[in-house]
Amino acid sequence: NGYMDAAINYYKKVSKKSDLWFEAQEEIGWAYIRKGEPQNTLGVTKSLVINEFKNLVGPETIFVQALGELKVCDYPAVAKSLTTFKERFRPRIVEMMKITENGNTPAVQAYIAKSKKQPMTLVQLGDLGAKLPRLITRDMTLARNIVIEKEMEKEAEVAAGIYGRSLANSTSKVGLQGEVEMFKQMIDGQVLSARNNSLGRVKSLAQEEITETHRILQKMHIVEAEILQQTLALQKVTKATENSKAIEKVGTSVATGRDTITFPAEEQMWFDEIGKYKVDVVKGCQAIKR
């Protein structure tokens, strides 16, 4: 509805401890784009695109960053974002396709086993996140299926115990063993059904991520075409004015001084600085004479 400042303030209330923090930051970046403040968008995305978060953020984050860079005419940065997109999401697509073909991958098995002990958060996935759908920890349908599977496994253990005792006590003599065996098979079937429901839901999440990535990839192609068009236009301007003073495109810049500390310092990641970066743009898309 156009209430960008209000939206930004509310999105900022989302805690870093929440699985929703990454998407809230992404929405803040979009709000700044719509406000015409791409430099603030870049300040937001700087926290999100670090290598440590590569399994935690979606393709749209790279897209909004590239759009912000394009709007301030930072063409080298746009090219880097395009490369980052391919490097990050090409292998993820491969993993998601494996899940759609066979949902019972080792990574999915490990996730379901861990989730039966306690619900997992996005950050807790660690390296396992590279081989699982990004939204897997937030899907309530999958969580419910895993709980059902866990309870049915408990029932199966009870049924197996009853069946074992029936064999030991020779209930076949009184015609009960057949009934007990049918009961056990029924419970085993329900366990299998619950597991198939869980795997089916993971397959759906993997397919949704594939669809999302392809959709954003098409938009990245538009950004790529735009940067080529603007670069060609810039070359024409430069050639037309080659006898005058040099014309230069000034992109993003950050103020520096003798006492300035740049984060991350020495390529180290400072968690306290996440979500607090600021990018200053000096006449980003203006041609200036010197």
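Residues numbered from 1 in each chain as written. Predicted model: local features only at pLDDT ≥ 70, side-chain atom pairs only at ≥ 80, totals over all residues. Heavy atoms only, no water.

## Brief notes about the environment of Ser204
Moving on, step 1. Within the secondary structure, Ser204 sits in helix H8 (residues 177–240).
Moving on, step 2. On the basis of relative accessibility, which here comes to 33%, the residue Ser204 falls in the partly exposed class. (Helix = DSSP H or I, 4+ residues; strand = E, 2+ residues; numbered from the N terminus. Buried < 20%, exposed > 50% of the residue type's maximum accessible area, 1.4 Å probe, protein only.)

## As for helix H2 (residues 21–35)
Moving on, step 1. With 15 residues, H2 should cover 21 Å at 1.5 Å per step; its first-to-last C-alpha distance of 21 Å lies within 8% of that length.
Moving on, step 2. With respect to burial, H2 is a largely interior element, eleven of its 15 residues being buried.
Moving on, step 3. Along its buried surface, H2 packs onto helix H1 (4–11), helix H3 (38–48) and helix H4 (59–71).
Moving on, step 4. Phi turns positive one or two residues past the end of H2, at Gly36, with a value near 80°. (Expected span 1.5 Å × (residues − 1). Contact = heavy atoms within 4.5 Å.)

## Details of unusual backbone geometry
Moving on, step 1. Unusually for a residue other than glycine, Cys73 sits at a positive phi of about 60°.
Moving on, step 2. Structurally, the position occupied by Cys73 is in the loop between H4 and helix H5 (75–101).

## Describing the nonpolar core
Moving on, step 1. With 33 residues, the main nonpolar core has Phe22, Tyr111, Leu132 and Ile136 as its most contacted residues.
Moving on, step 2. For this core, the secondary structure elements donating two or more residues are H1, H2, H3, H5, helix H6 (106–117), helix H7 (140–168) and H8.
Moving on, step 3. In contact with Tyr111, other than residues within four places in its own chain, are Met120, Leu125, Leu128, Leu132, Ile136, Thr137, Leu142 and Ile146. (Core = buried A, V, L, I, M, F, W, Y, C linked by side-chain atoms within 4.5 Å.)

## Looking at empty space enclosed by the protein
Moving on, step 1. Tallying each qualifying case throughout the model produces one cavity of 30 Å³ or more.
Moving on, step 2. Put simply, the largest cavity is a space of about 40 Å³.
Moving on, step 3. What lines the largest cavity is Leu82, Phe85, Lys86, Leu217, Met220, His221 and Glu224.
Moving on, step 4. Counting residues per element, the ones that place at least two in the lining of the largest cavity are H5 and H8.
Moving on, step 5. In terms of residue count, the dominant contributor to the lining of the largest cavity is H8 (four residues).
Moving on, step 6. Residue classes in the lining of the largest cavity are distributed as four nonpolar, one polar and two charged. (1 Å grid on protein atoms, 1.4 Å probe; cavity = no way out; pocket = protein on both sides within 12 Å on 5 of 7 lines; lining within 4 Å. Points joined across faces, edges and corners; volume = space filled by probe spheres on them. Nonpolar A, V, L, I, M, F, W, Y, C, P; charged D, E, K, R; others polar.)

## What to know about the packing of aromatic side chains
For any two aromatic rings, the description comes down to two numbers: the centre-to-centre distance and the angle of the planes.
Moving on, step 1. Enumeration according to the criterion identifies four aromatic pairs in this entry.
Moving on, step 2. Arranged with centres 5.3 Å apart and planes meeting at 80°, the rings of Trp21 and Phe22 form a pair that is edge-to-face. Across this residue pair, the class does not change: Trp21 and Phe22 are buried.
Moving on, step 3. Considering the side-chain rings of Trp30 and Phe63, the 5.7 Å spacing of their centres and the 50° angle between planes classify their relative orientation as tilted. Highlighted residues: Trp30 in helix H2 and Phe63 in helix H4, separated in sequence by 33 residues.
Moving on, step 4. Taken together, the ring pairs connect Trp21, Phe22 and Phe53 into an aromatic cluster. (Phe/Tyr/Trp six-rings, centres within 6.5 Å; stacked < 30°, edge-to-face > 60°.)

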